[in-house]
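For reference, the chains in residue letters:
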Amino acid sequence: MRATEFLSRTLRQDPNEAETVSHRLMLRAGMMLQAAAGVYSYLPLALRSIKKIERIVREEMNAAGGQEVLMPTLQTLETWEQSGRAAAFGDNLFRLFDRRERPLVLAPTHEEVVTAIAGAHIESYRDLPLNIYQIQTKFRDEPRPRAGLLRGREFVMKDAYSFDTDQEGLDVTYQRMRVAYRNIFRRCGLPTIEVEADSGAIGGKDSHEFIMPAQSGEDVILYCEESGYAANVERATSIINPALEGEPLPLEVVDTPGITTIADLAVFLGISESQTLKAVFYQADAETVLVTVRGDIEVNEVKLKNHLHCLDLRLANAEEVAAAGLTPGSTSPIGLSGIRRIADTSILQGNNFAAGANQPDKHYQNVNYPRDFEVDETVDIATAREGDGSPDGQGTLKAVRGIEVGHVFKLGTFFTTTLGVDFLDESGTLKPPVMGCYGIGVTRILAAAIEQNHDDKGIIFPAPIAPFQAHLLALNATDPDVRAAADALYDELSSAGCEVLYDDRAESAGVKFNDADLLGLPVRIVVSPRNLKQSVVEIKRRRADEAAQVPADGVVAAVRDLLALDEL
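Residues numbered from 1 in each chain as written. Predicted model: local features only at pLDDT ≥ 70, side-chain atom pairs only at ≥ 80, totals over all residues. Heavy atoms only, no water.

Colleague: Can you explain the pairing of strand β6 (residues 103-106)? Please cite residues and give values.
Modeller: Direction of pairing for strand β4 (residues 74-76) relative to β6: antiparallel, over a ladder of three bridges. From the neighbouring strand, Thr76 faces β6, where its bridge partner is Leu104. The hairpin turn running from strand β5 (residues 94-97) into β6, its antiparallel successor, is five residues long, and Glu101 in that turn takes a positive phi close to 65°. (Pairing = 2+ DSSP bridges. Helix = DSSP H or I, 4+ residues; strand = E, 2+ residues; numbered from the N terminus.)

Colleague: Before we move on, could you go through the domain arrangement of the protein chain and cite the residues and values that matter?
Modeller: When its domains are assigned, the protein chain resolves into domain 1 (10-72 + 107-218 + 399-450), domain 2 (252-379) and domain 3 (468-564). Between domain 1 and domain 3, the C-alpha centre-to-centre distance is 37 Å. Between domain 1 and domain 3, the residue contacts involve nine residues of the former and seven residues of the latter. Counting each side, the surface lost to burial between domain 1 and domain 3 is near 710 Å², with a carbon and sulfur contribution of 62%. Three residues stand out in domain 1 for area buried against domain 3, namely Arg12, Leu45 and Arg48, and they jointly supply 52% of the buried area on that side. Of the charged contacts in the structure, one is a salt bridge between Glu499 and Lys52, with a shortest N-O distance of 2.5 Å. Among the elements of the structure, α1 (21-28) and α2 (44-63) are those that each provide at least two residues to the side of domain 1 that touches domain 3. No other element matches α2, which puts three residues into the side of domain 1 that touches domain 3. (Domains from an automatic or database assignment. Contact = heavy atoms within 4.5 Å. Buried area = accessible area lost by both parts, 1.4 Å probe. Salt bridge = Lys/Arg side-chain N within 4 Å of Asp/Glu carboxyl O.)

Colleague: Any chance you could break down helix α6 (residues 167-187) for me, citing the residues and the numbers?
Modeller: Between its first and last C-alpha atoms α6 spans 30 Å; for 21 residues at 1.5 Å apiece the expected length is 30 Å, and the two agree. Regarding α6, the residues found buried are Gly169, Leu170, Thr173, Tyr174, Met177, Arg178, Ala180, Tyr181, Ile184 and Phe185. Positioned one or two residues after α6, Gly189 has a phi angle of 75°, which is positive. (Expected span 1.5 Å × (residues − 1). Buried < 20%, exposed > 50% of the residue type's maximum accessible area, 1.4 Å probe, protein only.)

Colleague: Could you give an account of the packing of aromatic side chains, naming the residues involved and the relevant values?
Modeller: Inspection of the entire model under this criterion finds nine aromatic pairs. Taking 5.4 Å as the distance between ring centres and 80° as the angle between the ring planes, the aromatic pair formed by Trp80 and Phe89 counts as edge-to-face. For the residue pair Trp80 and Phe89, the accessibility class agrees, reading buried in each case. Cation over ring: Arg48 sits above Phe468, and NZ or CZ is 3.9 Å from the ring centre. The ring of Tyr174 has Lys410 sitting right over it, with the charged end atom 5.0 Å from the ring centre. (Phe/Tyr/Trp six-rings, centres within 6.5 Å; stacked < 30°, edge-to-face > 60°. Lys NZ or Arg CZ within 6 Å of the ring centre and 35° of its normal.)

Colleague: Which residues make up the pairing of strand β29 (residues 523-527), and what values go with them?
Modeller: Extensive coverage of β29 is indicated by the burial of five of its five residues. Burial along β29 is two-sided: the residues Val523, Ile525 and Val527 and Arg524 and Val526 are all buried. Inspection of the sheet shows strand β27 (residues 470-474) paired to β29 by five bridges, in the parallel sense. By the bridge assignment for β29, Leu473 is matched with Val526. Bridging between β29 and strand β30 (residues 536-541) involves four bridges; their strand directions are antiparallel. Bridging from a neighbouring strand, Ile525 pairs with Ile539 of β30.

Colleague: Provide a residue-level description of the packing of α2 against helix α11 (residues 442-452), including the pertinent values.
Modeller: In contact at an axis separation of 9 Å, α2 and α11 are set at 115° when each is read in the N-to-C sense. Crossing of α2 against α11: the hand is right-handed. Seen from α2, the contacting residues are Ala46, Ser49, Ile50, Ile53 and Glu54; seen from α11, they are Val442, Thr443, Ile445 and Leu446. The class makeup of the residues in the contact of α2 with α11 is six nonpolar, two polar and one charged. (Axes fitted to C-alpha atoms, helices over the stretch in contact; angles between N-to-C directions. Left-handed = near helix turned anticlockwise from the far one by under 90°. Nonpolar A, V, L, I, M, F, W, Y, C, P; charged D, E, K, R; others polar.)

Colleague: So what's going on with the nonpolar core? Which residues, and what values?
Modeller: If you look at the biggest cluster of nonpolar residues, it comprises 58 residues, and the most contacted ones within it are Met31, Tyr181 and Leu446. Both domains that furnish three or more residues to this core are identified here as domain 1 (10-72 + 107-218 + 399-450) and domain 3 (468-564). When residues no more than four places from it in sequence are discounted, the contact partners of Leu446 are Met26, Met31, Ala46, Ser49, Ile50, Ile53 and Phe461. Ala477, Val527, Ile539 and Val559 belong to the second-largest nonpolar core, a separate cluster that totals 25 residues. (Core = buried A, V, L, I, M, F, W, Y, C linked by side-chain atoms within 4.5 Å.)

Colleague: Please give an account of the sheet that holds strand β17 (residues 340-344) that cites residues and values.
Modeller: One open sheet holds the five strands; their spatial order is β16-β14-β15-β17-β20, and the pairing between them is mixed. Each of the sheet's edge strands pairs with one partner strand only, and the pair in question is β16 (313-315) and β20 (377-379). Mean inter-strand twist for the sheet, computed between neighbouring axes without regard to direction, equals 35°. Summarising the sheet, strand β15 (residues 287-294) and β17 pair through four bridges and their orientation is parallel. When the sheet's bridge partners are listed, Val291 is paired in β17 with Ile342.

Colleague: So what's going on with empty space enclosed by the protein? Residues and values would help.
Modeller: Empty space among the atoms becomes apparent when a probe as large as a water molecule is rolled across them. By the definition in use, this model includes one cavity of 30 Å³ or more. The calculated volume of the largest cavity comes to roughly 60 Å³. (1 Å grid on protein atoms, 1.4 Å probe; cavity = no way out; pocket = protein on both sides within 12 Å on 5 of 7 lines; lining within 4 Å. Points joined across faces, edges and corners; volume = space filled by probe spheres on them.)

Colleague: Lay out the side chain of His110 with the relevant residues and their values.
Modeller: Structurally, His110 is set in the loop between β6 and α5 (111-121). His110 sits in the buried class, given a relative accessible area of 0%. Separated by 2.7 Å, the side chain of His110 and the backbone oxygen of Pro72 make a polar contact. (Polar contact = N/O pair within 3.5 Å; in protein donor to acceptor, adjacent residues only side chain to side chain.)

Colleague: So, the environment of Val113: which residues are in play, and what are the values?
Modeller: Along the chain, the position of Val113 falls in helix α5. C-alpha of Val113 to C-alpha of Thr76: the two residues are 37 residues apart in sequence and 10.0 Å apart in space. Not counting chain neighbours up to four residues away, the residues in contact with Val113 comprise Met71, Pro72 and Gln75.

Colleague: A description of the sheet that holds strand β28 (residues 500-503) should follow, citing residues and the corresponding values.
Modeller: Read from one edge of the open sheet, five strands run β28-β27-β29-β30-β31, paired in mixed fashion. Taken across any chain shown, the strands that pair with only one partner, and hence form the sheet edges, are β28 and β31 (548-551). Shown here is a sheet whose adjacent strand axes are inclined to one another by a mean of 25°, direction ignored. The strands touched by helix α13 (residues 509-519) are β27, β28 and β29; relative to β27, the strand with the most contacts, the crossing angle is about 175°.

Here it is in structure tokens:
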């Protein structure tokens, strides 16, 4: 493709709306154009990469036994209400009405529709297993779309759904899909970490995310090098550092004028925060909940929400706290009743804690559980941290930021039971198929790849998903000899099957070099008057610091060798 004929325009300055590296570089490189908040037009550079990602995904899904379909984006709200997910997705679900005022949704995912497809085709165990997938645009009404393709309202996703006769069959399919995902990311040239994860609003049992390490990532991953344990912070468990423990002392009240935070309380009493108990007030749907956790530990709200099985979880506001009879800054479960009390298991480690006395400017010292207070439930709702012990006891947890690019989880029989899909097993008994769900963010992979592969000059594309393999620059393109040599090389490379973006514009060398670095294609080839005099062509990998001089008749072989290096 000649640059003079190509639909693309680079920008010299960073767009004001760009928040992340990938957002900034994709806009500057002319890969996409914003149509609305969180909605983009994909221009040829981006679309070529997206199609390459889709091809890899298709090949691996087909190899894993998947069958491709295309399901409707427009769905009835009634179907979502039948499954109960209209409430679970809440405001993230795009809703609209047709001309007859029938409520519809723009699908963020397709469990309901695919279950109906399965129900129309599955009669007996002989029809299983079944694995259906699609690559399609999805819609989610994000409250604050940001970061370009990393968190948009319209995006391309591969979603797959499996149906098996039993849990053992699902286990086999699930492992096959995990292998397929590893192959997909390896073939895309993108290192990922597979971690235990939470299934979110879609539900499910076992769940794994594929995380691409990147400093700009919203996900925090905790992993242990010694044991191989890895989990999203939403799911991670850990062995916390023990608190001091001694002979239980008598409970006493102390004056703590103006003390309302754990940090201030620890300083005031001359103790560590691990020797305190912290009270946090939550509103779980319509219920106010008191959560108690050791003072040096944060509540993991995902774990808490899963435990409570609520649709909405948030910190309680001042009115709700007052209505529950709680004292902000000095609350503990001591003597409280009439409110649901949940405690983290951290209260079981250590004793003689300091905690609120349920009256202003006063706290208890030497609080011991269960001697001094009761709770309704004691569960793991702590946020695991870097430096904690790995839950398998084999090392220490480390933290890394990353971007979720794939998610697999076991759905079980929720959808097939709810929507009335069943099959006859070998004994003639009706049973619901057991489901799994497997998603990959196709457009997110492109953005995440740029977040992971860039420098201060621009993008550094992994060769397998680069929009073009080589960038041919004709310096002083108005020189007839340069133009003739560059045209001939372009034809030769194209005939050899190399995807070439040929910069034949009448621009300065500086502009062309800057644009080549910005676009970040794997190999740069330069034809210039100086090189022609030496009968050589300059070739450079985007990842390398130095360029090499190659005889004109050896360019095709040299390009192939350099591309092979990027695909290792």
